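Coordinates in review
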Amino acid sequence: MNRTTVLGGWAFALILSATCLGGGRPPLSCGQFSPFTFAIISDPQIGMVALERDRTNFAKVATAINTLPETTRPKFVLITGDLVDDANNRPAGAMFRQVLHEFSMPVYPIPGNHDVTTDGKTFAPALLASYRTEFGADRLVIKQNECLFIGLDSQLWRGPEELARQQFAWLKQQLHDRNNYRYVFVFEHHPLFLNDANEPDQYYNTPSMWRSKLLHLFEQGHVTGVLTGHLHRNESGLYHGIALSEF
Ligand SMILES: [Zn+2]
């Protein structure tokens, strides 16, 4: 399977209907909602195989999304991290930004481990600073048709504790007025867990210290779904009514 994965509107519709049937806590009547489509791309990781080959594949994804029928064309696109393979590779970053301009709708990337670390593992504050300069904020909020989307920098859950604490406080703030929204989605790079919420820490999941706090907060906040990347494959599950989708 191609490393770059696109999720079409059908999955959103699936999550939506499940919630309307009582899986979440819609504060407003389901009948008033205007459905819409969004797309998720994860791990374009320009430079992982070969710069030009990876740029071409990413551009093909942009074309595929742009040319979807108008009825299903996404309102916006989320990119759940690993925009490039090596955060120090400037040409890779330039290629990513070049393709970004080819999308005909807004695109909202957040960073993956490869975007803010020296070797995919070791967090470097200077790389986070250059990410913010080159690609924009590493955490963000999107509001669309009574839906709230919260993008996070999941590398901070394994980075300096102070930065993780700041991000967690910010996240709590965003969820404070959750009742103003019908559906709430969180998107970040690292999955919370792979098989079991109590599994040991490893490269592909979120460290247990923050994982348990996040799961508790998401459950309390009636988060509809958590959308993540990092795995380079599609998986989905359910945790206490929260849809977990990995790409
Ligand atoms: Zn990754």
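All of these numbers come straight from a predicted model, not from anything done at the bench. (Residues numbered from 1 in each chain as written. Predicted model: local features only at pLDDT ≥ 70, side-chain atom pairs only at ≥ 80, totals over all residues.)

Time to look at the environment of Met-48. One can find Met-48 in the loop between β2 (39-42) and α2 (51-66). A count of 18 C-beta atoms within 10 Å places Met-48 in the partly exposed class. For the pair formed by Met-48 and Asp-82, sequence separation is 34 residues and the distance between their alpha carbons is 9.9 Å. In contact with Met-48, not counting residues within four places along its chain, are Asp-54 and Asp-85. (Helix = DSSP H or I, 4+ residues; strand = E, 2+ residues; numbered from the N terminus. Buried ≥ 20, exposed ≤ 12 C-beta atoms within 10 Å, placed from the backbone. Contact = placed C-beta atoms within 7 Å.)

Bringing helix α6 (residues 161-175) into the picture now. The terminal C-alpha atoms of α6, which comprises 15 residues, lie 21 Å apart, in line with the 21 Å expected from a rise of 1.5 Å per residue. Ala-164, Gln-167 and Leu-171 are the residues of α6 that are buried. Viewed along the axis of α6, the buried residues span an arc of 65 degrees, placing them on a single side of the element. Turned more than 90 degrees away from the buried face of α6 sit Glu-162, Arg-165, Ala-169 and Gln-173, all of them exposed. Along its buried surface, α6 packs onto β6 (147-151) and α7 (208-220). (Expected span 1.5 Å × (residues − 1). Arc of directions from axis to C-beta.)

Let us now look at the sheet that holds strand β8 (residues 225-228). With respect to topology, 6 strands assemble into an open sheet ordered β5-β6-β7-β8-β10-β9, the strand pairing being mixed. At either end of the open sheet lies a strand with only one pairing partner, and these are β5 (140-144) and β9 (235-239). Across the sheet, the mean angle separating the axes of adjacent strands is 15 degrees when strand polarity is ignored. Bridge count between β6 and strand β7 (residues 183-188): 5 bridges; the pairing is parallel. Opposite Phe-149, over in β7, you have Phe-185 as the bridge partner. (Pairing = 2+ DSSP bridges. Axes fitted to C-alpha atoms, helices over the stretch in contact; angles between N-to-C directions.)

Their axes nearest at 10 Å, the elements α2 and helix α3 (residues 90-100) cross at an angle of 20 degrees. When the axis of α2 is compared with that of α3, the two are roughly parallel. Both α2 and α3 take part in a crossing whose hand is right-handed. On α3, the residues touching Leu-51, Arg-55, Phe-58, Ala-59 and Ala-62 of α2 are Pro-91, Ala-92, Met-95 and Val-99. A per-class count over the contact of α2 with α3 returns 8 nonpolar, no polar and 1 charged. (Parallel < 35°, antiparallel > 145°, perpendicular 65-115°, else oblique. Left-handed = near helix turned anticlockwise from the far one by under 90°. Nonpolar A, V, L, I, M, F, W, Y, C, P; charged D, E, K, R; others polar.)

Looking now at the packing of α6 against α7. For the pair α6 and α7, the least separation of the axes is 12 Å and the interaxial angle reads 5 degrees. Taken together, α6 and α7 sit at an angle that is classed as roughly parallel. Between α6 and α7, the contacting residues are Ala-164, Phe-168, Leu-171, Lys-172 and Leu-175 on the first element and Trp-210, Lys-213 and Leu-217 on the second.

This part is about the confidence of the model for the chain. On average, residues of the chain score 89 in pLDDT, and 87% of them reach the 70 mark or higher. Overall, residues 1-24 carries pLDDT values under 50, and its contacts beyond four positions in sequence, including any with other chains, amount to 47 contacts. (pLDDT = per-residue confidence, 0-100.)

Before going further, it helps to examine the pairing of strand β10 (residues 242-246). A large share of β10 lies buried, amounting to 5 of its 5 residues. Both faces of β10 are covered, namely the face carrying Ile-242, Leu-244 and Glu-246 and the face carrying Ala-243 and Ser-245. Between β9 and β10, which pair antiparallel and follow one another directly, the connecting turn spans 2 residues, one of which, His-240, has a positive phi of 50 degrees.

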